[in-house]
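Close look at the chain arrangement
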Amino acid sequence: LNKRLYDATMDKKFSLSFRAIIIGLIVIAVFALANILIYAKLANVPILTHFPRLVGLILLIGSVVLTMSMTAVVSKSLSVALVTPIRELQEAVRKMKTGDFDIDISYQSQDELGQLADDLREACAEMKVVVSDAGAVMEQLAEGKFNVTTENKECYVGEFASLLQAMELMRGQMSETLSKIKMSAEQ
């Protein structure tokens, strides 16, 4: 069961987890019924003389059925509450993998998934700025404008800092190379 639970999708995890509770409740009801039947058989008494025990058993079975129904409702509610935002975040990450940073994540909450959604929104926005800015800088370099600089230096953090350094190095080297070519041509 643990392997199945680990490999299952989130909605299946809830179903499998609550199934164990339901099975436990059914086992309790069966043991209670068996207990009454065995006691009646050993005492050689008709089952109807154990009316209070039968009422207790009926109440137990009723509570098991009610608990099973409530467990199914809770399982479905938890599944929807967790799976829906997870699927939305999963779709956002898929779009990011294809280079699409125009991502709309509608999920908002104060819980951990809400914080994850906020972080993903911010990361997408910052990556979009870096990619767009780097493209603009490279385009201007290709046009021969070597005095170009980024307008969003603060966005080049972490691994993006090396991208900014490489663009600045390339700009400097290209400018220097073209200056040397120009000087050679003039001579």
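Residues numbered from 1 in each chain as written. Predicted model: local features only at pLDDT ≥ 70, side-chain atom pairs only at ≥ 80, totals over all residues. Heavy atoms only, no water.

Some thoughts on the overall build of the protein chain
- Looking only at helices and strands, one finds five helices and zero strands in the protein chain.
- Each helix and strand of the protein chain, placed in order from N terminus to C terminus, yields the pattern α-α-α-α-α.
- Looking at the protein chain as a whole, 22% of its 187 residues are labelled buried.
- Contacts in the protein chain between residues far apart in sequence, at least 24 positions, make up 51% of those at least 6 positions apart.
- Accessible surface computed for the protein chain: about 13,300 Å², of which carbon and sulfur atoms make up 63%. (Helix = DSSP H or I, 4+ residues; strand = E, 2+ residues; numbered from the N terminus. Buried < 20%, exposed > 50% of the residue type's maximum accessible area, 1.4 Å probe, protein only. Contact = heavy atoms within 4.5 Å. Areas by Shrake-Rupley, 256 points an atom, 1.4 Å probe, with all protein chains shown as cover.)

Describing helix α4 (residues 112-142)
- Given a rise of 1.5 Å per residue, 31 residues ought to cover 45 Å, and the 44 Å separating the end C-alpha atoms of α4 matches this to within 8%.
- Residues of α4 that are buried include every one of L113, G114, A117, L120, C124, V130, D133, A134, V137 and L141, and no others.
- Between the side-chain oxygen at the start of α4 and the backbone nitrogen of L113 there is a gap of 3.2 Å, and the oxygen is on D111.
- Positive backbone phi, at 90°, marks G144, one or two positions downstream of α4. (Expected span 1.5 Å × (residues − 1). Polar contact = N/O pair within 3.5 Å; in protein donor to acceptor, adjacent residues only side chain to side chain.)

Notes on the confidence of the model for the protein chain
- In this model, the protein chain carries an average pLDDT of 81, and 85% of its residues clear a pLDDT of 70 or more.
- Mean pLDDT per element in the protein chain: helix α1 (residues 2-7) is the minimum at 62, and α4 is the maximum at 91. (pLDDT = per-residue confidence, 0-100.)

Description of the pattern of salt bridges
- One pass over the full model with this rule turns up seven salt bridges.
- One salt bridge connects K95 with D100, and the closest N-O pair in it is separated by 3.8 Å.
- By relative accessible area, K95 is classed as partly exposed at 27%.
- Accessibility expressed as a relative area gives 28% for D100, which makes it partly exposed.
- E143 serves as the salt-bridge partner of K145, at 3.2 Å between the closest nitrogen and oxygen. (Salt bridge = Lys/Arg side-chain N within 4 Å of Asp/Glu carboxyl O.)

Some details on the nonpolar core
- Core analysis: the biggest nonpolar cluster contains 11 residues, these being L89, A92, M96, F101, I103, I105, Y107, L113, A117, L120 and C124.
- If you tally residues by element for this core, the top one is α4, at four residues.
- Those residues within four positions of A117 in sequence are excluded, and the remaining contacts are L89, I105 and Y107.
- Core analysis: the next-biggest nonpolar cluster, separate from the first, contains 10 residues, V130, A134, Y156 and L164 among them. (Core = buried A, V, L, I, M, F, W, Y, C linked by side-chain atoms within 4.5 Å.)

So, the side chain of D133
- Here D133 shows up in helix α4.
- Here D133 is in contact with T150, E151, N152 and Y156, once residues within four sequence places are set aside.

Structural notes on the environment of L113
- For L113, the position within the fold is in helix α4.
- Residue class for L113 comes out buried when judged on its relative accessible area of 14%.
- For the pair L113 and I86, spaced 27 residues apart in sequence, the C-alpha separation works out to 7.6 Å.
- Residues within four places of L113 in sequence aside, it is in contact with L82, P85, I86, L89 and Y107.

Some words on the side chain of T150
- Tracing the sequence through the fold places T150 in the loop between α4 and α5 (160-186).
- Side-chain polar atoms of T150 contact the side chain of D133, separated by 2.2 Å.
- Reaching out from T150, the side chain makes a polar contact with the backbone nitrogen of N152 at a distance of 3.0 Å.
- If near-sequence neighbours (up to four positions away) are discounted, T150 is found in contact with D133, V137, Y156 and L164.

Things to note about the packing of α4 against α5
- Taken N-terminus to C-terminus, the directions of α4 and α5 make an angle of 10°; their axes are 11 Å apart at the nearest point. Judged by the angle between their axes, α4 and α5 are roughly parallel. Along its contact with α4, which presents M127, V130, A134, V137, M138 and L141, the element α5 presents F160, L163, M167, M170, R171 and M174.
- Per-class residue counts for the contact of α4 with α5 are 11 nonpolar, no polar and one charged. (Axes fitted to C-alpha atoms, helices over the stretch in contact; angles between N-to-C directions. Parallel < 35°, antiparallel > 145°, perpendicular 65-115°, else oblique. Nonpolar A, V, L, I, M, F, W, Y, C, P; charged D, E, K, R; others polar.)

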